[in-house]
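Results of the structural survey
These are the residues of each chain, in order.
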Amino acid sequence: MLSLSYGNIIRKNINSNGGLLPESFNTYNIIEAGDIIIRPTDLQNDKRSLRTGLAKEHGIITSAYIALKAIKPLNTAYYHYLLHAFDVMKVFYNMGNGVRQGLNFSEFSRLMVFEPSLDEQDAIAEYLDSRCQEIDSAIQDKKAQLDTLAEYKKSLIYEYVTGKKEVPVL
């Protein structure tokens, strides 16, 4: 079972006690790698989480989400980046209706999207994949540095408050 969580499609452990499980999975959508998932619910509330994800594996996902499948040759990574940009710009929040302000496929399908050639889609997606990977790597490096500094800070405090080291006289 898969779920969309802050822009990532993750596996949900149905054997854990966390989260709710349906009585039946009959209404769930079957998705494949390359499908784009949109969470169209509660648009008026959550303005921070990411509402789009790109499936990387076969699985099932709640029918509360919109699952977009390619019906002609295209680069789904490009379209995911495009929809992600719309998401970050909060385009979806101006769409939808109802008390809980939801968006259905009919409303979503009216969204105007760019359709460059397949070669351009591939080039854009490859470039963005590369740059995003570099940025993610830099973030991981900085997190490791922050963890090292946090450990050093704890050690420093411990050594001085326990008297293992003395405060230098200036």
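Cut-offs and rules
- Residues numbered from 1 in each chain as written.
- Predicted model: local features only at pLDDT ≥ 70, side-chain atom pairs only at ≥ 80, totals over all residues.
- Heavy atoms only, no water.
- Pairing = 2+ DSSP bridges.
- Helix = DSSP H or I, 4+ residues; strand = E, 2+ residues; numbered from the N terminus.
- Axes fitted to C-alpha atoms, helices over the stretch in contact; angles between N-to-C directions.
- Contact = heavy atoms within 4.5 Å.
- Phe/Tyr/Trp six-rings, centres within 6.5 Å; stacked < 30°, edge-to-face > 60°.
- Buried < 20%, exposed > 50% of the residue type's maximum accessible area, 1.4 Å probe, protein only.
- pLDDT = per-residue confidence, 0-100.

To continue, consider the sheet that holds strand β5 (residues 52-54). Within the open sheet, the three strands sit side by side as β5-β4-β7. Their pairing is antiparallel. Since the sheet does not close on itself, it has two edges, and those belong to β5 and β7 (66-68), each with one partner. Within the sheet, the average angular offset between the axes of one strand and its neighbour, ignoring direction, is 20°. Examined bridge by bridge, strand β4 (residues 36-38) and β7 share three bridges and lie antiparallel to one another. Paired with Ile37 across the strands is Ala67, a residue of β7. Along the sheet, helix α1 (residues 76-88) contacts β4, β5 and β7; its crossing angle with β5, the most-contacted strand, is approximately 165°.

To continue, consider the pairing of strand β2 (residues 8-11). Sheet analysis places strand β1 (residues 2-5) next to β2, joined by four bridges and oriented antiparallel. If you follow Leu2 over to β2, its bridge partner there is Arg11. The loop that links β1 with its antiparallel partner β2 comprises two residues; one of these, Tyr6, has a positive phi angle of about 50°.

Following the criterion strictly, the structure yields one aromatic pair and no others. When the ring of Tyr78 is compared with that of Tyr79, the centres are 4.8 Å apart and the planes differ by 80°; the resulting orientation is edge-to-face. Each member of the pair, Tyr78 together with Tyr79, is buried.

Turning our eyes to something else, we now look at unusual backbone geometry. Positive phi is not limited to glycine here, since Lys90 has a value of about 65°. On the basis of relative accessible area, Lys90 is assigned to the partly exposed category, the value being 24%.

This paragraph deals with the confidence of the model for the protein. Overall, the predicted model of the protein reaches an average pLDDT of 86, with 87% of residues at or above 70. For the protein, helix α2 (residues 105-108) is the element with the lowest average pLDDT, namely 81, and helix α3 (residues 118-161) is the one with the highest, namely 96.

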